[in-house]
Amino acid sequence: MAKSDADHGPLAGWRVIDLSGEIAGPYCSKLLADAGADVIKVEDPDGDPLRRWTACGHALAEDEDGVLFQFLNTSKRAISLDPFEAENRETIIALAAGADLLIESFGPGGLDARGLSVETLQRENPALSVISISPWGLEGPDAEQPATEFTLQAATGSIAYRGLPDRKPVASGGRIGEWAAGSFAAPAAICAGLSARKTGRGQHVDLSIFESMLISLTVYHDLNSQWVPGPLARSIEIPSIEPAADGYVGYCVITGQQWTDFCAMLGRQDIAEDARFLDGRARMEHIDFMQSMIQDWTRERSVDELIELAGLLRIPAAEIGNGQTLPGMDQMQARGVFSPGPSGVIQPRPPYLLSQCPSRPFTPSPRPNEHAEAIRKEAATERKPAASAEPGANPLPLDGIRVVDLTAFWAGPVAAAYLADMGADVVKVESIHRPDGMRFAGAIPNEELWEWSPVFHGANPGKRGITLGMDSEEGMGLLRRLIAGADVLIENFSARVLENFGLGWDDVRKINPNIIMVRMPAFGLDGPWRDRPGFAMTVEQVSGLAWLTGYKDLPLVVRGACDPIGGMHAVFALLLALEHRRQTGEGQLVELPLVEVAINIAAQQVMEYAAYGELLTRDENRGPVSAPQGVYPTADPEELIAVAIPSDAHWRSLRALMGEPEWASDPALDSAPGRRARHDAVDAGLEDWLAGQSRAAILERLLAAGIPASEVINAHALMPNRQLEARGFFQTLEHPRSGKVRYPGWPMAFSGLPRALHRRPPPTLGQHNDEILGDELGLDSDELARLRKEKIIGERPSFM
């Protein structure tokens, strides 16, 4: 490959062989390509199915690729090779000999069936790392169970708890689970490459889409179930997406203060003073009253007026974006988020900005086999030089990296937790006056409720924790000393906060010129929305993710998925900055606005509207991949089952299983467009058939026939789960306050690392004050006692 094509970005010089298709693998390799890697897309002669797919059903010309395929495959090269043919298989093996990474999505046994076992691929290149992405993971009793992204959502418990109690529960739209898997795969791929550089031995990374969705689409519900018995009730947020005089407005009320301020904004101080309603579950129990109170007020005002009023009280609020409106929003235009891609259709830029690394210019997505001649020549001549292992090297890729963690809530903490599990020493810094707010959100009421939040527990394993009063000069002095000795500073406050503390980028690099500072504001460090507060649900409302989720008459938030997905993008961007520092010695600022992550995940909405004039929207549980697709009652109406028919062959299997009923024999139903056009009738027939059968029995028959299906489980009933147990997804740790707790791990298993990566439970408030401030910064016991007395440090919130 010509140097001018690849020598741009922190990953210039990395080569990636991408054998994957659809969304998860190609999104992983897109992130790598955007960062400068040379990505070779290897397709079989039929091509990636995504080439011919659009969500809106637009008919593509014979030589035209869908815009989602184009977006996911910009800046890559392509060759068509059938690995079942010996000569083509040898070409793939030769390409692997010159690569750093290989990505595949063939499923359990898929590489072996093609003569491409990991051992074969690594024979000439032991440092090659292989990233395998599959629905359930490559191993375990359910590894080969048929599934779609929709049925996997049902299996996580995500569907069951989203929706109105008097209607069916609804899935998240937009194939978000596949995007989540790609978002986890990309940092895992770089970590595998970094580990191989140290040890000389590549990793085999086995990534489960199901486990990615568990982390992204449920709010640590299994953790919650260990402390709160009973099923999780179906619900929506109150307030959330509400009708305005001229559209919808989205609110996000997470903290007690936000709820109190929201009630004051409505002029309902009486409700603000009712302590019951600080709990969102209590608001849900009075949904009719709450919706009447809120919507009577919002319907009288415009979206702009409602957002302005909320902003005055620092209540997160936003307009509800979609494929038509997103590019025209003030913030997107001011920051240049969208621009024409290589095909002329507008698309978002990569969701991060590196101060020392300009973005790689996009080049067009390749046509099938477009670069075959050049790639074959490279396969014949290029080999990776043998990796030289560091004697006694720790395979954890971030061993020796020191991180100062100022993050709170979910996105930032989960990013820092991943860094800890990859070997970094992460020091979480809180204040007794303002602890991490997630310690209180959803916390289990007791005398130390700040130590009993499921989300805090889930997002903070592996760290050490201290407290420092950032409103005191002495506290700030200690924080500056920590920053001076760190490799990374990570934070996710609103853009103005750190500047107010004298810790903007210019200040931080004076303290430590080589540091990498990661900033994760909701909307970015500049632009008219710079100072707006925002949580994951605000980002979902703006980005279009909520527009694709919910009922036809009521969009719903996904519920936090942007936090873990955003966190993994922050890890990815940080790894790029570390790679740049390895090459140049330079520190830099990394900016990752959560809204731009969500916009990339939802890019298809904007691109299909721009290219085809079609506005994608929500349709409850129906979707553009499978028809029929839905949630159906069985003999026990409370026992719901999710069924998806992704192909005509699956439809024929379903017909046979049903005994070829007359209603299903209509020739119009033989094709997906025909079934989609008659979805109401198909649903009625399916419901009649399923209503007479037990869920367990019919699920067994559906799966045996190869039809994707799942129980719609309650998220509090996830465990026991034989697949998760077989894969070692959970890890039991002893927490100083809550005792033995089952913590979720990560959705990938590294062949050369322990499956159980959490080295310690999440820290209690100020747990490591003496260890870090005393033993490491040198404060003696008298100084520590004085700091406690002056409430600069402590182990209990000052207001409790």
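These lines cover the structure that appears in this document, whether it is placed above or below.

The rules behind the values
- Residues numbered from 1 in each chain as written.
- Predicted model: local features only at pLDDT ≥ 70, side-chain atom pairs only at ≥ 80, totals over all residues.
- Heavy atoms only, no water.
- Buried < 20%, exposed > 50% of the residue type's maximum accessible area, 1.4 Å probe, protein only.
- Helix = DSSP H or I, 4+ residues; strand = E, 2+ residues; numbered from the N terminus.
- Pairing = 2+ DSSP bridges.
- Right-handed = clockwise from strand over helix to strand, strands pointing away.
- Lys, Arg positive; Asp, Glu negative; His and termini not counted.
- Salt bridge = Lys/Arg side-chain N within 4 Å of Asp/Glu carboxyl O.
- Polar contact = N/O pair within 3.5 Å; in protein donor to acceptor, adjacent residues only side chain to side chain.
- Contact = heavy atoms within 4.5 Å.
- Axes fitted to C-alpha atoms, helices over the stretch in contact; angles between N-to-C directions.
- Expected span 1.5 Å × (residues − 1).

Of all the 6 residues making up strand 2 (residues 38-43), 6 are buried; the element is thus mostly covered by neighbouring parts of the structure. The side-chain alternation of strand 2 yields two buried faces, one formed by Asp38, Ile40 and Val42 and the other by Val39, Lys41 and Glu43. One ladder, built from 4 bridges, connects strand 1 (residues 15-18) with strand 2; its direction is parallel. Bridging across to strand 2, Ile17 finds its partner in Ile40. For the crossover from strand 1 across helix 2 (residues 24-34) to strand 2, the handedness is right-handed.

We now examine the side chain of Glu242. With respect to the helices and strands, Glu242 occurs in strand 7 (residues 241-244). Although buried, Glu242 forms no salt bridge, and the nearest oppositely charged side chain, Arg299, lies 7.6 Å from it. Polar contacts involving the side chain of Glu242 include one to the main-chain amide nitrogen of Ser240, which spans 3.0 Å. For Glu242, the residues in contact, after removing those within four places along its chain, are Gly247, Tyr248, Val249, Tyr251, Ile294, Gln295 and Thr298.

Of all 11 residues in helix 18 (residues 411-421), 11 are buried; the element is thus mostly enclosed. Among the residues making up helix 18, those that are buried are Ala411, Gly412, Pro413, Val414, Ala415, Ala416, Ala417, Tyr418, Leu419, Ala420 and Asp421. Looking one or two residues beyond helix 18, the residue adopting positive phi is Gly423, at roughly 110°.

Another aspect to go through is the sheet that holds strand 5 (residues 129-134). Backbone-to-backbone hydrogen bonds pair the strands of a sheet. The strands run either parallel or antiparallel. Spatial strand order, 3-2-1-4-5-6-26: 7 strands in an open sheet with mixed pairing. Two strands lie at the open edges of the sheet, namely strand 3 (76-80) and strand 26 (748-750), each paired on one side alone. Between one strand and the next, the sheet's axes are offset by a mean angle of 20°, whatever the strand orientation. Together, strand 5, strand 6 (204-208) and strand 26 form the strand contacts of helix 9 (residues 209-217), whose direction differs from that of strand 6 by roughly 60°.

The end-to-end C-alpha distance of helix 8 (residues 176-199) is 35 Å, a good match for the 34 Å that 24 residues give at a rise of 1.5 Å each. With 22 of its 24 residues buried, helix 8 lies for the most part within the structure. Just past helix 8, the residue Gly200 takes up positive phi, approximately 80°.

Summed over all chains, the structure comprises 62 salt bridges. Here Arg15 makes a salt bridge to Glu382, at a shortest N to O gap of 3.1 Å. Linking Arg15 in strand 1 with Glu382 in the loop between helix 17 (372-381) and strand 13 (402-405), this pair joins segments that are 367 residues apart in sequence. Note that Glu474 and Arg786 form a salt bridge whose closest N and O atoms lie 2.6 Å from each other. Here the residue Glu474 occupies a position in helix 20 (residues 473-484), and Arg786 occupies one in helix 33 (residues 781-789), the gap between them amounting to 312 residues. When salt bridges with common partners are traced through the structure, they connect Arg15, Asp38, Arg77, Glu378 and Glu382 into a single cluster.

Before going further, it helps to examine the sheet that holds strand 15 (residues 464-467). Taken in spatial order, the 7 strands line up as 12-20-17-16-13-14-15 in an open sheet, and their pairing is mixed. Bordering the open sheet on either side are strand 12 (353-354) and strand 15, each of which pairs with just one other strand. Alignment of strand 12 against strand 20 (residues 588-591), held across 2 bridges, turns out to be antiparallel. Looking at the pairing, Leu353 lines up with Glu591 of strand 20. Sheet contacts for helix 18: strand 13, strand 14 (425-430) and strand 16 (488-491); angle to strand 14, the most-contacted strand, approximately 150°.

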